[in-house]
Every structure is written in structure tokens, then in C-alpha cells.
Amino acid sequence: MSFRLSQRDKDIIWFINQFRAVDRDSLVDLFFKQLKSPVNACNSVMVRLYRLGLVERTQQYSPTVYLPIDAKMKKNSQKILHFLSILDIYKQMCSYSMPKQVIVEDKPTGRKGGIEPDLFCIFKGSPFWIEIQRNQYSEQKMQAKITLYEEFFFSDEWKALHWQPEDRAAIFPSVILITPVRYAVSSDHIRIIQIASIHELMQKYKSADKQKRDGRSKVSSSSSSGIKINLT
């Protein structure tokens, strides 16, 4: 059977392979929003790609969730909700600025037992490792997670990661904890930001930026976890 894939078809397949689980509505927002009937257009394309055997799908969720053709997850796996949470954070960032160098389930150490952030990206000009905490954990477990980041910091291996700038000093990413609760974790070596959503992050730094411009307060290098992101 011969068929020709459009560039959009290829982009959709690549995106599903990258994020592991993508719901229909997210595909509409990211690839079809500019069309007159975006939902119908998306449904038509995804049915075609599914029938061609280029994507897998599970209808145990509404709307339908699409998976890579070689997905190793069961169609009712809880991992699907995990990947949809990562996708939601990515979409929140896209509403402000397109993230670059996106890596889902990054494993920068290349070793088992090292840090394994849910997402890495360069957002608004700054690198971030993002941990999405859908469940509540003990303070000890969360601090142990931060300790792993500190160990990687002291290893200096991060300076050779492929996304590091070639024309200036290497940057250790800030660590974002996406969590509905606040943990009493700290580090003297890496920057940690605890927020419930990317929207909260942006509101926080827009407020700080506005205060600085208005001259009502001075934003020191240590405030707001010391993160510098370009909000323009």
C-alpha cells in the first residue's frame, strides 16, 4: 500500500513519539487550531494515521489518547496520565513562548539511579529541569531528590551536555517542582522553584519585573529563587 505523508502528518507522529501520550484536544490546539473545523480535521487525520498503522490509540480516555506505534505501555496504564501531565506543562509554556531543546523524561547522567527529571527544556532563554509531582511525598524523599541534583552539580558532567552554550560558560538548570503542596526542601548550590503551574511561574516573575520597573522595590539576585528569565 502506497501513501504520502504530509509534513503535518510527520510532525504529529514525531510529536507523539516524543511525548509518548497525546490526547486529541492537545493535537487540535497544537496542529489544527487555525483551521475552520479543527476538531473534525484532527479526527480525520488521526483516524487515517491509525489505520495506516503509524500511531496507536486508546479510547479508555475521553478524548482519545494517541500513543507511539511501539509503545510499551498498556492502554490503561497509569503512565499515560503521567505523560499527559508532562504534555500539559509543555502546553502551558507554549502559551507564553515556545520551549526549545525539549527532552521528555530526561536522563542526563546516563546512569540508573541518577536524576531523571520529567522534562528538560530551555524556556524564555533559561534551562530548566522540571519535576511533576502528581502525588504527595515525604519531606525526606523530596530532599533526597534534591540531593541527587546536588551530586550531579558537583560532578561537573552537566557542563558537557549537548544543549550547553558554546560561546559562554555552562549553566546548571534551575529545578522546577510542579506541586500543589510546598516542601521544606533547600539547597545552597542549585536553584529550586516550587509552583503549582507554569502560569503561576509567569505571574510571579511578571509581578517582580513590574515592581522593578516601577521602582517600588529592588529585586535582589537572591529573590524569586534567583531565576532570571526574559519575560518579553
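Details of the structure are given in the entry above.
Throughout what follows, the structure given in this document is the object of discussion.

Thresholds, definitions, all that
Residues numbered from 1 in each chain as written. Predicted model: local features only at pLDDT ≥ 70, side-chain atom pairs only at ≥ 80, totals over all residues. Heavy atoms only, no water. Axes fitted to C-alpha atoms, helices over the stretch in contact; angles between N-to-C directions. Helix = DSSP H or I, 4+ residues; strand = E, 2+ residues; numbered from the N terminus. Parallel < 35°, antiparallel > 145°, perpendicular 65-115°, else oblique. Left-handed = near helix turned anticlockwise from the far one by under 90°. Contact = heavy atoms within 4.5 Å. Nonpolar A, V, L, I, M, F, W, Y, C, P; charged D, E, K, R; others polar. Pairing = 2+ DSSP bridges. Salt bridge = Lys/Arg side-chain N within 4 Å of Asp/Glu carboxyl O.

1. As for the packing of helix α1 (residues 7-19) against helix α2 (residues 24-32)
Two measures define how a pair of helices packs: the angle their axes make with one another and the distance between the axes. Contact geometry of α1 with α2 gives a least axis separation of 11 Å together with a crossing angle of 135°. Comparing the axis directions of α1 and α2 gives the class oblique. Where α1 crosses over α2, the handedness of that crossing is right-handed. Contacts from R8, D11, I12 and F15 in α1 reach L27, L30, F31 and F32 in α2. For the contact of α1 with α2, a count of residues per class yields six nonpolar, no polar and two charged.

2. Remarks on the sheet that holds strand β8 (residues 192-195)
Strand order in the open sheet made by the five strands is β4-β5-β6-β7-β8, with mixed pairing throughout. In this open sheet, the two strands that pair with only one neighbour each are β4 (100-104) and β8. Between one strand axis and the next, the sheet turns through 25° on average, direction left out of account. Summarising the sheet, β4 and strand β5 (residues 119-123) pair through three bridges and their orientation is antiparallel. Among the inter-strand pairings, V104 is bridged to a residue of β5, identified as L119.

3. Regarding the pattern of salt bridges
A complete count under the given rule lists ten salt bridges for this structure. The salt bridge involving E105 is made with R20; its shortest N-O contact spans 3.9 Å. Here R20 lies in the loop between α1 and β1 (22-23) and E105 lies in the loop between β4 and β5, a separation of 85 residues in the sequence. Notably, a salt bridge pairs E131 with K145, separated by 3.4 Å at the nearest N-O pair. A residue pair is termed long-range when its members are at least 10 positions apart, and E131 in strand β6 (residues 126-132) and K145 in helix α5 (residues 139-155) qualify at 14 residues.

These figures come from the coordinates and say nothing about function on their own.
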